[in-house]
Structures are given as C-alpha cells and as structure tokens.
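Spelled out from the first residue to the last, the chains are:
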Amino acid sequence: FGNYRDVLREISYSPLMAEHLSYLDSRSHAYVYESNGQVTYADENFAREIMQLFTIGLVWLNQDGTPKLDANGKQIEVYSNEDIMSFARAWTGFRKYQDRGNIENERACSTCNRQDPMFIDKDRRDVFPKSDLLVGYIGD
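Residues numbered from 1 in each chain as written. Predicted model: local features only at pLDDT ≥ 70, side-chain atom pairs only at ≥ 80, totals over all residues. Heavy atoms only, no water.

**Describing the layout of surface pockets**
What the largest pocket holds in volume is close to 600 Å³. Around the largest pocket, the lining comprises 19 residues; the ones closest to its centre are Leu8, Ser12, Ile50, Ala90 and Trp91. The dominant element in the lining of the largest pocket, judged by the number of residues it contributes, is helix H1 (residues 4-12), at four residues. Taken together, the residues of the lining of the largest pocket sort by class into 12 nonpolar, three polar and four charged. (1 Å grid on protein atoms, 1.4 Å probe; cavity = no way out; pocket = protein on both sides within 12 Å on 5 of 7 lines; lining within 4 Å. Points joined across faces, edges and corners; volume = space filled by probe spheres on them. Helix = DSSP H or I, 4+ residues; strand = E, 2+ residues; numbered from the N terminus. Nonpolar A, V, L, I, M, F, W, Y, C, P; charged D, E, K, R; others polar.)

**Digging into unusual backbone geometry**
For Asp25, which is not a glycine, the phi torsion comes out positive at approximately 65°. With respect to the element layout, Asp25 can be found in the loop between helix H2 (15-20) and helix H3 (29-36). On the accessibility criterion, Asp25 (34% relative accessible area) is partly exposed. (Buried < 20%, exposed > 50% of the residue type's maximum accessible area, 1.4 Å probe, protein only.)

**Some words on a nonpolar patch on the surface**
Together, Tyr33, Val39, Tyr41 and Met85 line one region of the surface with nonpolar side chains, adding up to about 460 Å² of accessible area. Within the secondary structure, Tyr33 sits in helix H3. What makes Tyr33 partly exposed here is its relative accessible area of 47%. (Patch = residues over 30% accessible without salt bridge, like charges linked within 9 Å, V, L, I, M, F, W, Y side chains within 5 Å. Areas by Shrake-Rupley, 256 points an atom, 1.4 Å probe, with all protein chains shown as cover. Salt bridge = Lys/Arg side-chain N within 4 Å of Asp/Glu carboxyl O.)

**Observations concerning the packing of helix H4 (residues 45-54) against helix H5 (residues 81-88)**
Where H4 contacts H5, the two axes come as close as 8 Å, and the packing angle between them is 120°. Considering only the axes of H4 and H5, their crossing is right-handed. In this structure, H4 uses Ala47, Arg48 and Met51 to contact H5, whose residues at the interface are Asn81, Ile84, Phe87 and Ala88. Residue composition of the contact of H4 with H5, by class: five nonpolar, one polar and one charged. (Axes fitted to C-alpha atoms, helices over the stretch in contact; angles between N-to-C directions. Left-handed = near helix turned anticlockwise from the far one by under 90°. Contact = heavy atoms within 4.5 Å.)

In structure tokens, the structure reads:
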C-alpha cells in the first residue's frame with residue numbers, strides 16, 4: 001500500500017471486508033423502492049466503522065490528542081447518526097464479480113469471487129448528494 005488513501009481504497013473494494021461489515025450488495029433507497037415499493041435505508045455498519053475506527057474517531061481532539069470539551073465540560077462528538085446515515089449511502093452498489101474459471105472455488109456459486117476487487121453497480125448506487133461534517137457535500 002502506498003498511502004492511507006490506498007489502504008482505504010483496498011479495504012473498501014475488498015469482497016471479504018464487504019461481507020464482514022455487511023455493505024456487500026447494499027442498495028440505494030430509490031433502487032429498492034422502485035423494485036418492490038419498500039422503504040429501506042443503506043447499511044450503516046461500514047460507514048460507522050470507517051468513521052469510528054479508521055479515520056476520525058468518536059470525539060473531536062485538540063492538537064495534543066486530548067478530547068475537546070464543550071462549555072459544560074462534556075466531550076464534543078464528531079458526528080451524529082444523521083451523518084452516518086448520509087455516509088452510508090456512499091457505500092451502496094458494491095457487488096462482487098462473477099467467479100473466474102481459473103480460480104478453484106470450493107463452493108458452487110457464480111458470485112463467490114473473493115479474489116477480485118468489487119465493482120460499483122450504478123443502478124444500485126445512491127445518486128443523491130451526501131452531506132459532509134462541515135455543512136457541505138462529499139463527492140461520489
């Protein structure tokens with residue numbers, strides 16, 4: 001891995017990580033509603049793990065690593081559940097490639113390819129803007 005961004009990309013497109021953190025085949029609200037009329041929300045697990053474990057953590061920090069405190073002496077949370085719900089929509093549409101014939105697979109299925117990075121299925125991808133933590137929007 002060359003840098004932190006490369007590590008996050010490798011993690012994000014990993015079929016094993018997607019299975020473990022449950023964003024594999026996560027579909028946008030629009031896709032599900034148009035397909036069968038159900039109201040659903042994107043899986044939040046991976047978005048939460050990225051924020052909590054791999055990037056910014058739970059609370060804002062000072063330069064010396066101590067938690068920032070509000071006027072009442074309470075730690076200031078970095079993000080809310082609404083932020084997680086918005087970021088979760090960025091992880092919709094990830095799917096596995098079909099198995100390759102040159103890879104032995106002990107399970108007989110056509111979507112068990114765990115070797116190749118996943119792809120984003122544009123039809124299952126949430127196309128609406130996702131808010132960032134600073135009152136703006138993130139790109140897709």
